[in-house]
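Each chain, letter by letter, is given below.
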Amino acid sequence: MTKWLDVQKHGYTCLPLRMWTVHLIAIILIFTQAFVSLSYAEVLTLPQGLRLAREGSRLIKINQEQEKISEGDTLIARSALLPSLNVSANQTFFAKQPFAVFGPVTVPTSEKNFPSYSLSIQQLLYDFGGTISRYRSSKAVLETRKLDTVRIRNFVSLDFALVYFDLLESEKLVLVAESEVRTLESHLRDAKNLYENG
């Protein structure tokens with residue numbers, strides 16, 4: 001018993017449903033074999049893929065740069081806790097030697113040319129915890145950035161693993177579909193043989 005599509009309603013000639021099924025199975029078989037052969041061109045293992053995903057991730061690179069910036073901010077905040085050293089040297093040249101007059105006597109007050117040196121060391125002793133709290137907060141920001149980088153790295157790895165497992169599942173579904181096509185073709189052959197032999 002064959003069923004025909006309504007030729008009058010659609011205005012075109014249609015094949016019996018069995019023929020449509022055979023054509024559909026043939027098309028599915030052709031495309032699945034083409035895609036399966038393409039998918040086996042280069043095999044990528046999960047560890048290789050994870051390594052490539054981590055190395056090529058733009059998000060990880062951005063977070064690593066932000067981590068370096070936070071590390072620099074921590075060094076700047078720590079520098080306020082260290083002593084500061086100022087060294088200076090001067091040379092003074094007078095056109096005439098300065099002197100003071102005490103009645104009939106003139107007394108020089110300085111050399112005509114003389115050098116001067118200065119060395120000063122300053123250390124912050126206490127500023128009511130302001131500098132140390134800025135340093136601690138910058139260290140906390142740095143630790144947060146490091147944890148954020150680890151989080152992004154884990155997120156990229158998880159995202160890749162999910163896509164990888166979806167791909168493996170799709171490959172298995174293609175194999176199941178091919179098996180189903182073979183089963184349906186066998187069923188079609190049996191039905192044709194039964195139909196032809198009465």
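The preceding data block contains the structure.
Residues numbered from 1 in each chain as written. Predicted model: local features only at pLDDT ≥ 70, side-chain atom pairs only at ≥ 80, totals over all residues. Heavy atoms only, no water.

Asker: When you look at helix α5 (residues 130–196) in this model, what are you seeing that I'm missing?
Answerer: In this model α5 runs 97 Å from its N-terminal to its C-terminal C-alpha over 67 residues, within 8% of the 99 Å that 1.5 Å per residue would give. Taken from the residues just after α5, Gly-198 is the one with a positive phi, measuring 90°. (Helix = DSSP H or I, 4+ residues; strand = E, 2+ residues; numbered from the N terminus. Expected span 1.5 Å × (residues − 1).)

Asker: So what exactly am I meant to see when it comes to the environment of Ala-89 here?
Answerer: Positionally, Ala-89 belongs in strand β1 (residues 84–93). Counting along the chain gives 26 residues from Ala-89 to Pro-115, while the straight-line C-alpha distance between them is 7.4 Å. In contact with Ala-89, other than residues within four places in its own chain, are Ser-116 and Tyr-117. (Contact = heavy atoms within 4.5 Å.)

Asker: How do you make sense of the packing of aromatic side chains when you look at a structure like this?
Answerer: Given two aromatic rings, their pairing is described by the distance between the two centres and the angle made by the two planes. By the definition in use, this model includes 4 aromatic pairs. Ring geometry for Tyr-164 versus Phe-165: centroids 6.0 Å apart, planes at 70°, classification edge-to-face. Aromatic rings pair up to connect Phe-160, Tyr-164 and Phe-165 into one cluster. (Phe/Tyr/Trp six-rings, centres within 6.5 Å; stacked < 30°, edge-to-face > 60°.)

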